Amino acid sequence: MNLVATGAFDRLQQALTTELLRTIRTELEKVDAPEDLVEQLTGSIGFAVASLLDDVAGFEVGGESVSPLLTFLTGEKTLEFCGGNSYMHEYVHRLLPGLFQSKG
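Attention here is on the structure that accompanies the text.

Scoring rules and cut-offs
Residues numbered from 1 in each chain as written. Predicted model: local features only at pLDDT ≥ 70, side-chain atom pairs only at ≥ 80, totals over all residues. Heavy atoms only, no water. Core = buried A, V, L, I, M, F, W, Y, C linked by side-chain atoms within 4.5 Å. Buried < 20%, exposed > 50% of the residue type's maximum accessible area, 1.4 Å probe, protein only. Helix = DSSP H or I, 4+ residues; strand = E, 2+ residues; numbered from the N terminus. Contact = heavy atoms within 4.5 Å. Patch = residues over 30% accessible without salt bridge, like charges linked within 9 Å, V, L, I, M, F, W, Y side chains within 5 Å. Areas by Shrake-Rupley, 256 points an atom, 1.4 Å probe, with all protein chains shown as cover. Salt bridge = Lys/Arg side-chain N within 4 Å of Asp/Glu carboxyl O. Pairing = 2+ DSSP bridges. Bend = angle between axes of the 7 residues up to and from the residue.

## So, the nonpolar core
By size, the foremost hydrophobic cluster in this structure holds 16 residues, and its most contacted members are Leu-21, Leu-70, Phe-72, Met-88 and Phe-100. The set of elements that each furnish at least two residues to this core consists of α1 (9-28), α2 (35-53) and α3 (89-101). For this core, the element with the most residues is α1, which contributes six residues. Among residues more than four places away in sequence, those in contact with Phe-100 are Arg-25, Glu-35, Val-38, Glu-39 and Thr-42.

See the structure below:
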């Protein structure tokens with residue numbers, strides 16, 4: 001695999017963040033809860049998950065630090081990489097309102 005930085009990383013991580021939030025929202029809508037609570041929980045859960053993926057939350061397993069690095073498969077043997085940690089958590093609360101407004 002070849003790591004590349006073509007400038008597509010930010011667009012791809014925003015798309016992943018949107019899909020993550022959409023999936024959380026869909027699962028939360030399966031329970032009988034007010035929409036404002038679903039939106040609040042979607043943002044909170046989305047932020048927590050994105051923070052784990054971005055290596056912002058930090059965690060250990062068996063005394064070993066776990067540090068994920070996000071890449072995107074963009075070709076048969078090509079991975080789009082930003083050169084460091086992702087920053088999806090920064091997009092959660094920016095993308096969340098549009099996800100709920102567009103639901104209509």
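## Structural notes on a nonpolar patch on the surface
A surface patch of nonpolar side chains, about 330 Å² in accessible area, is lined by Leu-37, Leu-41, Ile-45, Val-49 and Leu-53. Residue placement: Ile-45 occurs in helix α2.

## Things to note about the pairing of strand β4 (residues 72-75)
Bridge count between β4 and strand β5 (residues 78-80): three bridges; the pairing is antiparallel. Paired with Leu-73 across the bridge in β5 is Leu-79.

## Points about α3
Residues separated by three or four positions in an α-helix point in the same direction, a consequence of the helix having 3.6 residues per turn. At Leu-95, α3 shows its largest bend, some 35°, and a proline, Pro-97, comes one to four positions later. Where α3 is buried, its residues contact α1 and α2.

## So, the pattern of salt bridges
Inspection of every chain in the model, using the stated rule, returns three salt bridges. Between Glu-19 and Arg-22 there is a salt bridge; the shortest N-O distance is 2.8 Å. Note that Glu-19 and Arg-22 are positioned in helix α1 at a spacing of three residues, about one turn of the helix. Where Arg-25 meets Glu-29, a salt bridge forms, and the shortest distance between an N and an O atom there is 3.8 Å.

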